[in-house]
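Residues per chain, in single letters:
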Amino acid sequence: IASYDPRGLVNGVCTLLQAIESHYAQTFELAAPVMQVVDWPDLSVRAVSISLPTNRWGHPNDAPVDADFFIEFLRRTIVRQRLNMAVLIVQQAMQYDSHPEVSGPAAWSKETVKRIFDRLRRYGVDAVPLCNSLGHANWLAIPHKELAEDGDVHQFCTSNPETKRILLDIYQEIVDLVKPKYFHIGMDEVRWKTDQLPEEQRCKLCTGKDKRDIFADWVTMLHDFFAKQDIQVMMWGDMVLPWHNGGPPYQLADTIDRLPKDLIICNWSTSLAPMSSYWFRQHGYERVIKSNSRGATLQEQKWCVGNMMGIWAKTPWLTEMVAHNLEGYDYASMLECAEYSWNSWPDLFHPGVPLANEFFQARPLLQWRIAADPVAVAGKPEPISLPPGQAVGGIPPVPLAQAAPVPRSPEEGEGGSPVQFAGLTFKVSPDRVLAPAAGEEASVEINRPVAALYFLHAAELTDREALTEALKASEAWEGIHIGAYEIEYASGERVTLALRYPMELRDPQPGWCKVPVAYRALGVYPATCEAEGRHLYAMQWINPRPEEPVAKVTLTTLEAPARPMLAGLCVQPAR
(Lines give C-alpha, C1' and ligand atoms only; values in the text may rest on other atoms or scores of the structure.)
Protein backbone atom coordinates (compact mmCIF):
# COMPACT_ATOMS: atom_id res chain seq x y z
CA ILE A 1 0.00 0.00 0.00
CA ALA A 2 1.55 3.28 -1.09
CA SER A 3 0.29 6.82 -0.59
CA TYR A 4 1.45 10.40 -0.40
CA ASP A 5 0.58 10.85 3.28
CA PRO A 6 -0.42 8.87 6.40
CA ARG A 7 -4.13 9.44 5.79
CA GLY A 8 -3.78 7.80 2.40
CA LEU A 9 -2.27 4.75 4.09
CA VAL A 10 -5.33 4.55 6.38
CA ASN A 11 -7.58 4.68 3.32
CA GLY A 12 -5.54 1.96 1.63
CA VAL A 13 -5.70 -0.29 4.69
CA CYS A 14 -9.48 0.23 4.93
CA THR A 15 -9.84 -0.71 1.24
CA LEU A 16 -7.79 -3.88 1.78
CA LEU A 17 -9.83 -4.84 4.84
CA GLN A 18 -13.07 -4.29 2.93
CA ALA A 19 -11.80 -6.57 0.18
CA ILE A 20 -10.83 -9.28 2.69
CA GLU A 21 -14.20 -9.06 4.44
CA SER A 22 -16.15 -9.12 1.18
CA HIS A 23 -14.17 -12.11 -0.07
CA TYR A 24 -14.75 -13.91 3.23
CA ALA A 25 -18.50 -13.21 3.17
CA GLN A 26 -18.78 -14.97 -0.20
CA THR A 27 -16.29 -17.81 0.23
CA PHE A 28 -15.51 -18.08 3.98
CA GLU A 29 -11.86 -18.13 2.96
CA LEU A 30 -9.77 -15.77 5.10
CA ALA A 31 -7.64 -14.34 2.31
CA ALA A 32 -7.04 -11.24 0.24
CA PRO A 33 -8.06 -11.49 -3.42
CA VAL A 34 -5.39 -10.68 -6.01
CA MET A 35 -6.09 -7.19 -7.26
CA GLN A 36 -4.65 -3.79 -8.07
CA VAL A 37 -6.45 -0.69 -6.78
CA VAL A 38 -5.70 2.90 -7.75
CA ASP A 39 -8.12 5.19 -5.97
CA TRP A 40 -8.45 8.64 -4.47
CA PRO A 41 -11.25 10.74 -2.92
CA ASP A 42 -13.05 13.47 -4.81
CA LEU A 43 -13.27 15.67 -1.70
CA SER A 44 -10.58 16.40 0.87
CA VAL A 45 -13.10 16.66 3.74
CA ARG A 46 -15.52 13.75 4.20
CA ALA A 47 -17.37 14.31 7.43
CA VAL A 48 -20.24 13.46 9.74
CA SER A 49 -21.62 15.70 12.47
CA ILE A 50 -22.99 13.63 15.33
CA SER A 51 -23.82 14.17 18.98
CA LEU A 52 -22.05 12.45 21.81
CA PRO A 53 -24.92 10.20 22.94
CA THR A 54 -24.79 11.36 26.58
CA ASN A 55 -25.86 14.84 25.50
CA ARG A 56 -29.32 15.75 26.88
CA TRP A 57 -30.87 16.78 23.59
CA GLY A 58 -33.72 14.47 22.48
CA HIS A 59 -34.77 10.92 23.29
CA PRO A 60 -33.82 8.60 24.84
CA ASN A 61 -33.58 10.82 27.90
CA ASP A 62 -30.21 10.87 29.70
CA ALA A 63 -29.07 7.63 28.12
CA PRO A 64 -26.15 5.91 29.93
CA VAL A 65 -24.51 4.81 26.67
CA ASP A 66 -21.50 2.52 26.98
CA ALA A 67 -18.44 4.41 25.72
CA ASP A 68 -16.80 1.31 24.26
CA PHE A 69 -19.92 0.60 22.22
CA PHE A 70 -19.86 4.17 20.87
CA ILE A 71 -16.16 3.96 19.97
CA GLU A 72 -16.80 0.71 18.09
CA PHE A 73 -19.77 2.34 16.33
CA LEU A 74 -17.53 5.21 15.18
CA ARG A 75 -14.86 2.76 14.02
CA ARG A 76 -17.29 0.79 11.85
CA THR A 77 -19.29 3.71 10.42
CA ILE A 78 -16.68 6.48 10.16
CA VAL A 79 -13.15 5.09 10.19
CA ARG A 80 -13.76 1.95 8.15
CA GLN A 81 -15.89 3.88 5.63
CA ARG A 82 -12.95 6.24 4.97
CA LEU A 83 -14.58 9.35 6.36
CA ASN A 84 -11.91 11.66 7.76
CA MET A 85 -13.73 14.15 10.00
CA ALA A 86 -16.19 13.74 12.87
CA VAL A 87 -17.84 16.85 14.31
CA LEU A 88 -18.89 15.75 17.79
CA ILE A 89 -21.53 17.76 19.69
CA VAL A 90 -20.25 17.98 23.27
CA GLN A 91 -22.37 20.50 25.21
CA GLN A 92 -24.04 18.67 28.15
CA ALA A 93 -22.40 15.31 27.34
CA MET A 94 -19.28 15.91 29.45
CA GLN A 95 -18.64 16.47 33.17
CA TYR A 96 -17.14 19.98 33.45
CA ASP A 97 -14.86 21.18 36.21
CA SER A 98 -15.43 24.86 35.48
CA HIS A 99 -19.25 24.71 35.34
CA PRO A 100 -20.55 21.34 36.59
CA GLU A 101 -24.11 22.68 36.58
CA VAL A 102 -24.09 22.47 32.76
CA SER A 103 -23.36 18.73 32.63
CA GLY A 104 -26.24 16.32 32.02
CA PRO A 105 -27.10 13.45 34.40
CA ALA A 106 -25.56 10.83 32.09
CA ALA A 107 -22.54 12.93 31.10
CA TRP A 108 -19.30 11.07 30.48
CA SER A 109 -16.18 11.86 32.45
CA LYS A 110 -13.55 14.06 30.83
CA GLU A 111 -11.28 11.02 30.57
CA THR A 112 -13.92 9.17 28.54
CA VAL A 113 -14.50 12.11 26.19
CA LYS A 114 -10.76 12.48 25.68
CA ARG A 115 -10.47 8.77 24.90
CA ILE A 116 -13.06 9.13 22.12
CA PHE A 117 -11.30 12.10 20.55
CA ASP A 118 -7.89 10.45 20.89
CA ARG A 119 -9.11 7.20 19.33
CA LEU A 120 -10.48 8.98 16.28
CA ARG A 121 -7.23 10.91 15.82
CA ARG A 122 -5.27 7.67 16.18
CA TYR A 123 -7.19 6.40 13.15
CA GLY A 124 -6.47 9.57 11.18
CA VAL A 125 -9.88 11.20 11.67
CA ASP A 126 -10.07 14.90 12.59
CA ALA A 127 -12.20 15.01 15.75
CA VAL A 128 -13.93 18.41 16.02
CA PRO A 129 -15.82 19.53 19.15
CA LEU A 130 -19.06 21.46 18.59
CA CYS A 131 -20.80 23.63 21.18
CA ASN A 132 -23.62 25.80 19.89
CA SER A 133 -23.22 29.51 20.43
CA LEU A 134 -26.07 32.06 20.22
CA GLY A 135 -28.70 29.81 18.59
CA HIS A 136 -29.63 26.36 19.98
CA ALA A 137 -28.25 27.58 23.28
CA ASN A 138 -30.60 25.57 25.51
CA TRP A 139 -27.67 23.53 26.79
CA LEU A 140 -26.32 26.68 28.50
CA ALA A 141 -29.36 28.95 28.84
CA ILE A 142 -31.45 26.36 30.73
CA PRO A 143 -28.99 25.88 33.61
CA HIS A 144 -28.33 29.65 33.40
CA LYS A 145 -31.73 31.15 32.65
CA GLU A 146 -30.41 34.59 33.57
CA LEU A 147 -28.47 34.49 30.27
CA ALA A 148 -31.50 33.85 28.02
CA GLU A 149 -32.20 36.52 25.41
CA ASP A 150 -35.71 38.00 25.63
CA GLY A 151 -36.53 35.21 28.10
CA ASP A 152 -36.11 32.49 25.45
CA VAL A 153 -33.63 29.74 26.33
CA HIS A 154 -33.13 28.94 22.63
CA GLN A 155 -30.59 31.75 22.48
CA PHE A 156 -28.53 33.61 25.04
CA CYS A 157 -27.78 37.29 25.48
CA THR A 158 -24.35 38.27 24.18
CA SER A 159 -24.57 41.66 25.91
CA ASN A 160 -24.45 40.00 29.32
CA PRO A 161 -20.74 39.74 30.25
CA GLU A 162 -21.47 36.53 32.17
CA THR A 163 -22.46 34.82 28.90
CA LYS A 164 -19.03 35.37 27.41
CA ARG A 165 -17.24 34.41 30.62
CA ILE A 166 -19.12 31.13 31.16
CA LEU A 167 -19.07 30.12 27.50
CA LEU A 168 -15.35 30.75 27.10
CA ASP A 169 -14.66 28.87 30.34
CA ILE A 170 -16.38 25.83 28.84
CA TYR A 171 -14.76 26.26 25.43
CA GLN A 172 -11.33 26.51 27.03
CA GLU A 173 -11.91 23.42 29.14
CA ILE A 174 -12.79 21.45 26.00
CA VAL A 175 -9.79 22.84 24.14
CA ASP A 176 -7.39 22.00 26.97
CA LEU A 177 -8.79 18.46 27.10
CA VAL A 178 -8.93 17.39 23.44
CA LYS A 179 -6.52 19.88 21.80
CA PRO A 180 -8.46 20.19 18.55
CA LYS A 181 -7.31 21.54 15.20
CA TYR A 182 -10.86 22.81 14.53
CA PHE A 183 -13.73 24.00 16.73
CA HIS A 184 -17.34 24.31 15.52
CA ILE A 185 -19.21 27.21 17.15
CA GLY A 186 -22.67 26.49 15.71
CA MET A 187 -24.38 29.86 15.09
CA ASP A 188 -27.39 28.47 13.19
CA GLU A 189 -31.12 29.14 13.54
CA VAL A 190 -30.92 32.14 15.85
CA ARG A 191 -34.56 32.99 16.63
CA TRP A 192 -34.68 36.35 18.31
CA LYS A 193 -38.18 37.46 19.32
CA THR A 194 -37.33 41.12 19.77
CA ASP A 195 -39.49 42.22 16.83
CA GLN A 196 -42.49 40.35 18.28
CA LEU A 197 -42.31 41.54 21.89
CA PRO A 198 -43.55 44.73 23.54
CA GLU A 199 -40.65 47.00 24.39
CA GLU A 200 -40.99 46.40 28.14
CA GLN A 201 -40.40 42.65 27.62
CA ARG A 202 -37.29 42.99 25.48
CA CYS A 203 -33.80 42.39 26.81
CA LYS A 204 -32.68 45.57 28.55
CA LEU A 205 -29.02 44.91 27.79
CA CYS A 206 -29.62 44.71 24.04
CA THR A 207 -31.94 47.71 23.70
CA GLY A 208 -30.95 49.86 20.72
CA LYS A 209 -28.40 47.37 19.40
CA ASP A 210 -28.60 46.26 15.78
CA LYS A 211 -28.79 42.47 15.55
CA ARG A 212 -26.30 42.60 12.69
CA ASP A 213 -23.74 44.16 15.03
CA ILE A 214 -24.49 41.60 17.74
CA PHE A 215 -24.01 38.73 15.31
CA ALA A 216 -20.87 40.01 13.60
CA ASP A 217 -19.18 41.06 16.84
CA TRP A 218 -19.92 37.70 18.50
CA VAL A 219 -18.57 35.65 15.60
CA THR A 220 -15.46 37.82 15.42
CA MET A 221 -14.87 37.55 19.17
CA LEU A 222 -15.09 33.74 19.06
CA HIS A 223 -12.90 33.59 15.96
CA ASP A 224 -10.20 35.66 17.64
CA PHE A 225 -10.42 33.57 20.84
CA PHE A 226 -9.63 30.40 18.90
CA ALA A 227 -7.20 32.01 16.43
CA LYS A 228 -4.90 32.94 19.33
CA GLN A 229 -4.68 29.22 20.06
CA ASP A 230 -4.09 28.28 16.42
CA ILE A 231 -7.54 26.66 16.14
CA GLN A 232 -9.63 27.07 13.00
CA VAL A 233 -13.30 27.95 13.43
CA MET A 234 -16.21 26.22 11.72
CA MET A 235 -19.76 27.61 11.72
CA TRP A 236 -23.10 27.00 10.05
CA GLY A 237 -23.91 29.36 7.18
CA ASP A 238 -27.72 29.72 7.23
CA MET A 239 -27.84 32.95 9.27
CA VAL A 240 -25.89 34.92 6.66
CA LEU A 241 -27.69 33.58 3.58
CA PRO A 242 -30.34 35.96 2.21
CA TRP A 243 -32.32 32.96 0.86
CA HIS A 244 -32.42 31.18 4.21
CA ASN A 245 -32.25 32.73 7.70
CA GLY A 246 -30.26 35.81 6.76
CA GLY A 247 -33.25 37.80 5.49
CA PRO A 248 -35.96 39.79 7.34
CA PRO A 249 -36.43 40.92 9.99
CA TYR A 250 -32.77 41.22 11.04
CA GLN A 251 -31.01 41.06 7.65
CA LEU A 252 -27.97 39.22 8.95
CA ALA A 253 -26.89 38.53 5.37
CA ASP A 254 -25.54 42.10 5.47
CA THR A 255 -22.78 40.83 7.76
CA ILE A 256 -21.29 38.43 5.19
CA ASP A 257 -18.39 40.76 4.39
CA ARG A 258 -17.80 41.71 8.03
CA LEU A 259 -16.92 38.20 9.18
CA PRO A 260 -13.39 36.73 9.10
CA LYS A 261 -12.72 35.16 5.71
CA ASP A 262 -10.84 32.16 7.13
CA LEU A 263 -14.00 30.77 8.71
CA ILE A 264 -14.93 27.30 7.48
CA ILE A 265 -18.57 27.60 6.39
CA CYS A 266 -20.73 24.51 6.88
CA ASN A 267 -23.52 25.13 4.39
CA TRP A 268 -26.67 23.11 5.09
CA SER A 269 -28.88 25.41 3.01
CA THR A 270 -28.38 23.90 -0.45
CA SER A 271 -31.92 22.48 -0.62
CA LEU A 272 -33.27 26.05 -0.30
CA ALA A 273 -30.45 27.78 -2.18
CA PRO A 274 -28.70 25.41 -4.64
CA MET A 275 -26.11 28.07 -5.55
CA SER A 276 -25.31 29.05 -1.96
CA SER A 277 -21.92 27.31 -1.79
CA TYR A 278 -20.89 29.21 -4.92
CA TRP A 279 -22.19 32.43 -3.30
CA PHE A 280 -19.98 31.87 -0.24
CA ARG A 281 -16.97 31.33 -2.49
CA GLN A 282 -17.76 34.53 -4.36
CA HIS A 283 -17.69 36.37 -1.03
CA GLY A 284 -14.20 35.14 -0.28
CA TYR A 285 -14.80 32.03 1.82
CA GLU A 286 -12.47 29.47 0.33
CA ARG A 287 -13.46 26.57 2.57
CA VAL A 288 -17.12 25.62 2.25
CA ILE A 289 -18.42 22.21 3.36
CA LYS A 290 -21.76 21.06 1.99
CA SER A 291 -23.63 19.94 5.11
CA ASN A 292 -26.65 17.90 6.17
CA SER A 293 -25.82 16.11 2.96
CA ARG A 294 -25.31 12.52 1.87
CA GLY A 295 -23.22 13.62 -1.08
CA ALA A 296 -22.11 16.34 -3.47
CA THR A 297 -22.43 16.43 -7.26
CA LEU A 298 -19.47 16.95 -9.55
CA GLN A 299 -20.54 20.58 -10.00
CA GLU A 300 -20.90 21.20 -6.25
CA GLN A 301 -17.45 19.76 -5.64
CA LYS A 302 -16.02 22.71 -7.59
CA TRP A 303 -17.39 25.02 -4.87
CA CYS A 304 -16.81 22.87 -1.78
CA VAL A 305 -13.81 21.39 -0.01
CA GLY A 306 -15.97 18.74 1.61
CA ASN A 307 -19.28 17.09 2.33
CA MET A 308 -20.77 16.43 5.76
CA MET A 309 -23.84 14.45 6.80
CA GLY A 310 -25.72 15.72 9.85
CA ILE A 311 -26.99 13.01 12.20
CA TRP A 312 -29.56 14.67 14.46
CA ALA A 313 -30.24 11.77 16.79
CA LYS A 314 -28.23 10.60 19.79
CA THR A 315 -28.60 6.91 18.93
CA PRO A 316 -28.17 6.60 15.13
CA TRP A 317 -27.60 2.84 15.41
CA LEU A 318 -31.35 2.59 16.07
CA THR A 319 -33.12 2.87 12.73
CA GLU A 320 -36.49 3.28 14.45
CA MET A 321 -36.72 6.04 17.02
CA VAL A 322 -39.12 8.49 18.59
CA ALA A 323 -38.66 11.23 15.98
CA HIS A 324 -41.02 11.35 13.01
CA ASN A 325 -38.52 12.36 10.31
CA LEU A 326 -35.89 9.62 10.35
CA GLU A 327 -34.37 10.16 6.91
CA GLY A 328 -31.25 11.82 8.23
CA TYR A 329 -31.17 10.37 11.69
CA ASP A 330 -29.64 6.93 11.37
CA TYR A 331 -26.32 5.32 10.48
CA ALA A 332 -27.52 4.33 6.98
CA SER A 333 -27.13 7.98 5.94
CA MET A 334 -23.52 7.90 7.15
CA LEU A 335 -22.77 5.01 4.81
CA GLU A 336 -24.21 6.85 1.81
CA CYS A 337 -22.32 9.99 2.81
CA ALA A 338 -19.07 8.02 2.79
CA GLU A 339 -19.77 6.79 -0.74
CA TYR A 340 -20.76 10.13 -2.27
CA SER A 341 -18.10 12.16 -0.49
CA TRP A 342 -15.39 9.84 -1.80
CA ASN A 343 -17.06 9.73 -5.22
CA SER A 344 -19.48 12.29 -6.64
CA TRP A 345 -23.27 11.92 -6.60
CA PRO A 346 -23.96 11.32 -10.29
CA ASP A 347 -27.35 13.03 -10.65
CA LEU A 348 -26.74 16.72 -11.43
CA PHE A 349 -30.47 17.46 -11.60
CA HIS A 350 -31.27 16.07 -8.13
CA PRO A 351 -28.45 17.22 -5.84
CA GLY A 352 -30.24 16.00 -2.71
CA VAL A 353 -29.06 12.41 -2.31
CA PRO A 354 -32.03 10.29 -1.11
CA LEU A 355 -31.84 7.62 1.53
CA ALA A 356 -32.82 4.75 -0.73
CA ASN A 357 -32.98 0.98 -0.41
CA GLU A 358 -31.57 0.75 -3.93
CA PHE A 359 -28.22 1.99 -2.62
CA PHE A 360 -27.92 -0.99 -0.29
CA GLN A 361 -29.31 -3.49 -2.80
CA ALA A 362 -26.49 -2.49 -5.16
CA ARG A 363 -23.96 -3.03 -2.35
CA PRO A 364 -25.14 -6.23 -0.67
CA LEU A 365 -21.92 -6.75 1.31
CA LEU A 366 -21.85 -3.25 2.83
CA GLN A 367 -24.11 -4.17 5.73
CA TRP A 368 -22.22 -7.46 6.19
CA ARG A 369 -19.00 -5.50 6.75
CA ILE A 370 -20.74 -3.30 9.30
CA ALA A 371 -22.21 -6.14 11.37
CA ALA A 372 -19.85 -9.12 10.99
CA ASP A 373 -16.22 -10.15 11.32
CA PRO A 374 -14.23 -12.91 9.62
CA VAL A 375 -13.80 -15.97 11.85
CA ALA A 376 -10.32 -17.46 12.02
CA VAL A 377 -9.74 -21.24 11.82
CA ALA A 378 -13.27 -22.08 10.73
CA GLY A 379 -14.94 -23.96 7.91
CA LYS A 380 -17.84 -23.02 5.67
CA PRO A 381 -21.17 -22.57 7.49
CA GLU A 382 -23.70 -25.35 7.04
CA PRO A 383 -27.49 -24.92 7.30
CA ILE A 384 -29.26 -27.09 9.83
CA SER A 385 -32.96 -27.88 9.99
CA LEU A 386 -35.15 -26.44 12.68
CA PRO A 387 -37.47 -28.73 14.62
CA PRO A 388 -41.19 -28.58 13.86
CA GLY A 389 -42.53 -25.23 14.96
CA GLN A 390 -45.30 -22.84 14.00
CA ALA A 391 -46.67 -21.91 10.61
CA VAL A 392 -45.99 -18.20 10.23
CA GLY A 393 -47.42 -16.13 7.40
CA GLY A 394 -44.92 -14.42 5.12
CA ILE A 395 -42.10 -16.94 5.72
CA PRO A 396 -40.71 -17.72 3.24
CA PRO A 397 -41.65 -14.70 1.08
CA VAL A 398 -43.52 -15.21 -2.17
CA PRO A 399 -40.51 -15.26 -4.57
CA LEU A 400 -38.91 -18.04 -2.52
CA ALA A 401 -41.90 -20.34 -2.94
CA GLN A 402 -40.80 -20.86 -6.55
CA ALA A 403 -37.21 -21.74 -5.59
CA ALA A 404 -35.88 -25.29 -5.68
CA PRO A 405 -36.27 -26.93 -2.26
CA VAL A 406 -33.28 -27.82 -0.09
CA PRO A 407 -33.33 -31.60 0.50
CA ARG A 408 -33.69 -32.97 4.02
CA SER A 409 -33.16 -36.41 5.39
CA PRO A 410 -36.35 -38.53 5.87
CA GLU A 411 -36.45 -37.83 9.59
CA GLU A 412 -36.26 -34.09 8.93
CA GLY A 413 -39.38 -33.99 6.82
CA GLU A 414 -39.91 -31.97 3.63
CA GLY A 415 -37.29 -29.59 2.28
CA GLY A 416 -37.30 -25.84 2.77
CA SER A 417 -36.60 -22.94 0.43
CA PRO A 418 -33.06 -21.56 0.29
CA VAL A 419 -32.38 -18.07 1.59
CA GLN A 420 -28.93 -16.75 0.75
CA PHE A 421 -26.84 -14.02 2.33
CA ALA A 422 -23.62 -13.87 0.29
CA GLY A 423 -22.02 -17.26 1.05
CA LEU A 424 -24.60 -18.27 3.66
CA THR A 425 -27.50 -20.53 2.75
CA PHE A 426 -30.34 -21.09 5.21
CA LYS A 427 -33.11 -23.67 4.96
CA VAL A 428 -36.45 -21.98 5.46
CA SER A 429 -39.83 -23.67 5.73
CA PRO A 430 -43.06 -21.90 6.73
CA ASP A 431 -44.01 -24.72 9.11
CA ARG A 432 -40.64 -24.80 10.88
CA VAL A 433 -40.47 -21.32 12.40
CA LEU A 434 -39.71 -21.05 16.10
CA ALA A 435 -41.95 -18.27 17.40
CA PRO A 436 -42.64 -18.86 21.10
CA ALA A 437 -45.18 -16.68 22.86
CA ALA A 438 -44.10 -14.22 25.54
CA GLY A 439 -42.57 -16.05 28.47
CA GLU A 440 -42.08 -19.26 26.51
CA GLU A 441 -39.09 -20.80 24.70
CA ALA A 442 -38.10 -23.15 21.87
CA SER A 443 -34.80 -25.00 21.34
CA VAL A 444 -32.60 -26.28 18.52
CA GLU A 445 -30.12 -29.14 19.13
CA ILE A 446 -26.55 -28.44 17.94
CA ASN A 447 -24.28 -31.01 19.67
CA ARG A 448 -21.01 -30.12 17.97
CA PRO A 449 -18.10 -27.65 18.26
CA VAL A 450 -18.82 -24.41 16.43
CA ALA A 451 -16.74 -21.39 15.50
CA ALA A 452 -19.80 -19.25 14.86
CA LEU A 453 -23.56 -19.40 14.53
CA TYR A 454 -25.62 -17.48 12.00
CA PHE A 455 -29.28 -16.82 12.82
CA LEU A 456 -31.97 -15.95 10.31
CA HIS A 457 -34.84 -14.32 12.11
CA ALA A 458 -37.75 -11.94 11.82
CA ALA A 459 -39.79 -9.73 14.12
CA GLU A 460 -43.52 -9.23 14.44
CA LEU A 461 -44.37 -5.79 15.74
CA THR A 462 -47.43 -6.12 17.96
CA ASP A 463 -47.82 -2.60 19.37
CA ARG A 464 -46.11 0.31 17.61
CA GLU A 465 -47.44 2.92 20.02
CA ALA A 466 -46.04 1.01 22.99
CA LEU A 467 -42.73 0.63 21.16
CA THR A 468 -42.54 4.39 20.61
CA GLU A 469 -43.09 5.04 24.29
CA ALA A 470 -40.55 2.39 25.30
CA LEU A 471 -37.88 3.98 23.08
CA LYS A 472 -38.08 7.20 25.13
CA ALA A 473 -36.63 5.58 28.25
CA SER A 474 -32.96 6.08 29.10
CA GLU A 475 -32.18 2.36 28.97
CA ALA A 476 -33.56 2.19 25.41
CA TRP A 477 -30.28 3.50 23.96
CA GLU A 478 -29.54 -0.05 22.71
CA GLY A 479 -33.09 -0.79 21.61
CA ILE A 480 -35.97 -2.69 23.23
CA HIS A 481 -35.17 -6.18 24.51
CA ILE A 482 -37.73 -8.53 22.95
CA GLY A 483 -36.03 -11.87 23.52
CA ALA A 484 -32.71 -13.71 23.59
CA TYR A 485 -30.80 -16.71 22.33
CA GLU A 486 -29.44 -18.79 25.19
CA ILE A 487 -26.48 -20.80 23.93
CA GLU A 488 -25.75 -23.82 26.12
CA TYR A 489 -22.41 -25.62 26.00
CA ALA A 490 -22.04 -29.35 26.56
CA SER A 491 -20.65 -28.50 30.01
CA GLY A 492 -23.96 -26.87 30.94
CA GLU A 493 -22.58 -23.32 30.92
CA ARG A 494 -24.70 -20.78 29.10
CA VAL A 495 -24.17 -17.58 27.12
CA THR A 496 -27.06 -15.17 26.53
CA LEU A 497 -27.29 -13.26 23.25
CA ALA A 498 -29.82 -10.42 23.51
CA LEU A 499 -32.35 -9.71 20.78
CA ARG A 500 -33.13 -6.01 20.64
CA TYR A 501 -35.56 -4.16 18.43
CA PRO A 502 -34.38 -2.55 16.12
CA MET A 503 -30.70 -3.45 16.67
CA GLU A 504 -30.73 -7.06 15.45
CA LEU A 505 -34.07 -7.26 13.67
CA ARG A 506 -37.01 -5.09 12.66
CA ASP A 507 -40.48 -5.04 11.17
CA PRO A 508 -40.31 -1.86 9.03
CA GLN A 509 -43.57 -0.14 8.25
CA PRO A 510 -44.53 3.14 6.55
CA GLY A 511 -43.59 6.22 8.56
CA TRP A 512 -40.34 4.75 9.87
CA CYS A 513 -36.96 4.36 8.27
CA LYS A 514 -37.55 3.58 4.60
CA VAL A 515 -34.40 1.48 4.37
CA PRO A 516 -34.91 -1.87 6.14
CA VAL A 517 -31.37 -2.17 7.55
CA ALA A 518 -30.55 -3.07 11.16
CA TYR A 519 -27.20 -2.16 12.67
CA ARG A 520 -26.28 -5.60 14.06
CA ALA A 521 -27.70 -7.55 11.09
CA LEU A 522 -25.63 -8.89 8.19
CA GLY A 523 -28.42 -7.74 5.92
CA VAL A 524 -32.08 -8.12 5.13
CA TYR A 525 -33.20 -10.65 2.55
CA PRO A 526 -34.19 -8.43 -0.41
CA ALA A 527 -37.19 -10.51 -1.48
CA THR A 528 -38.95 -9.53 1.74
CA CYS A 529 -38.83 -5.90 0.64
CA GLU A 530 -40.55 -6.75 -2.64
CA ALA A 531 -43.33 -9.03 -1.43
CA GLU A 532 -45.78 -9.38 1.44
CA GLY A 533 -43.28 -11.31 3.52
CA ARG A 534 -41.51 -11.02 6.83
CA HIS A 535 -38.25 -9.12 6.79
CA LEU A 536 -35.62 -11.81 7.29
CA TYR A 537 -32.43 -10.57 8.97
CA ALA A 538 -29.23 -12.58 9.39
CA MET A 539 -26.99 -12.18 12.46
CA GLN A 540 -23.57 -13.54 13.41
CA TRP A 541 -22.45 -14.86 16.79
CA ILE A 542 -18.74 -15.71 17.14
CA ASN A 543 -18.07 -18.40 19.72
CA PRO A 544 -15.45 -17.30 22.27
CA ARG A 545 -14.84 -20.99 23.18
CA PRO A 546 -14.80 -22.89 19.86
CA GLU A 547 -13.05 -25.89 21.37
CA GLU A 548 -16.08 -26.75 23.53
CA PRO A 549 -19.16 -28.30 21.86
CA VAL A 550 -22.41 -26.35 21.84
CA ALA A 551 -25.31 -28.50 22.96
CA LYS A 552 -28.27 -26.39 21.95
CA VAL A 553 -29.67 -22.93 21.29
CA THR A 554 -32.86 -21.77 22.98
CA LEU A 555 -34.97 -18.82 21.81
CA THR A 556 -36.82 -17.07 24.63
CA THR A 557 -39.43 -14.38 24.10
CA LEU A 558 -40.05 -11.49 26.48
CA GLU A 559 -43.22 -9.53 27.18
CA ALA A 560 -42.55 -6.68 24.72
CA PRO A 561 -44.14 -4.71 21.85
CA ALA A 562 -42.51 -7.07 19.31
CA ARG A 563 -42.01 -10.82 19.04
CA PRO A 564 -38.90 -12.52 17.58
CA MET A 565 -39.10 -15.64 15.43
CA LEU A 566 -36.27 -17.90 14.26
CA ALA A 567 -36.60 -19.03 10.64
CA GLY A 568 -33.16 -20.50 9.90
CA LEU A 569 -29.81 -21.40 11.46
CA CYS A 570 -26.30 -22.01 10.10
CA VAL A 571 -23.44 -23.64 12.01
CA GLN A 572 -19.85 -22.71 11.14
CA PRO A 573 -17.63 -25.61 12.21
CA ALA A 574 -14.45 -25.02 14.15
CA ARG A 575 -11.25 -26.46 12.69
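Residues numbered from 1 in each chain as written. Predicted model: local features only at pLDDT ≥ 70, side-chain atom pairs only at ≥ 80, totals over all residues. Heavy atoms only, no water.

## Some remarks on the packing of helix H3 (residues 110-122) against helix H5 (residues 161-178)
To keep things clear, this is the line we draw: In this description, a line fitted to the C-alpha atoms serves as the axis of each element, helices being fitted only across the stretch in contact, and the angle between N-to-C directions of two axes falls anywhere from 0 to 180 degrees. Counting from the N terminus, the helices are the DSSP runs of H or I reaching at least four residues and the strands are the DSSP runs of E reaching at least two. Each angle is binned into one of four classes, with values under 35 degrees roughly parallel, values over 145 roughly antiparallel, values of 65 to 115 roughly perpendicular, and all other values oblique. Left-handed describes a crossing in which the near helix is turned anticlockwise from the far one by less than a right angle; the clockwise case is right-handed. By definition, residues are in contact when any of their heavy atoms lie within 4.5 Å. Each residue is assigned to one class: nonpolar for Ala, Val, Leu, Ile, Met, Phe, Trp, Tyr, Cys and Pro, charged for Asp, Glu, Lys and Arg, and polar for all the others, Gly among them.
It is at 9 Å that the axes of H3 and H5 come closest, and there the two elements cross at 55°. In terms of orientation, H3 and H5 fall into the oblique class. Here H3 runs over H5; the crossing is right-handed. The residues of H5 that touch H3, namely those facing Lys110, Val113, Lys114, Phe117 and Arg121, are Glu173, Leu177 and Val178. Residue classes in the contact of H3 with H5 are distributed as 4 nonpolar, no polar and 4 charged.

## Section: H3
Going by this rule: Expected helix span is computed as 1.5 Å times (number of residues minus one). Relative accessible area decides the class of each residue, using a 1.4 Å probe on protein chains only: under 20% of the type maximum gives buried, over 50% gives exposed, and in between gives partly exposed.
For H3, spanning 13 residues, the distance from its first C-alpha to its last is 18 Å, which sits close to the expected 18 Å at 1.5 Å a residue. Where H3 is concerned, the buried positions are Lys110, Thr112, Val113, Ile116, Phe117 and Leu120. Residues of H3 that are buried sit in contact with helix H2 (67-79), strand S2 (85-89), strand S3 (126-130) and H5. Immediately beyond the C-terminal end of H3, within one or two residues, lies glycine 124, with a positive phi of roughly 85°.

## Overview of empty space enclosed by the protein
A water-sized probe rolled over the atoms picks out the places where empty space is left. Rule in force here: Only protein atoms enter the 1 Å grid used here, on which a cavity is any set of points holding a 1.4 Å probe that cannot leave and a pocket is any open set flanked by protein within 12 Å on both sides along at least five of seven lines; residues with an atom within 4 Å of a point are listed as lining. Grid points are joined across faces, edges and corners, and a volume is the space filled by probe spheres set on the points.
Scanning all chains against the criterion turns up 3 cavities of 30 Å³ or more. Elements that contribute at least two residues to the lining of the largest cavity include exactly helix H1 (6-27) and helix H10 (366-371). Tallied by class, residues from the lining of the largest cavity come to 1 nonpolar, 2 polar and 4 charged. Quantified by volume, the second largest cavity comes out at close to 40 Å³. Every element with two or more residues in the lining of the second largest cavity is listed here: H2 and H3. The greatest single-element share of the lining of the second largest cavity, amounting to 4 residues, is contributed by H2. When the residues that make up the lining of the second largest cavity are grouped by side-chain class, the tally is 6 nonpolar, no polar and 2 charged.

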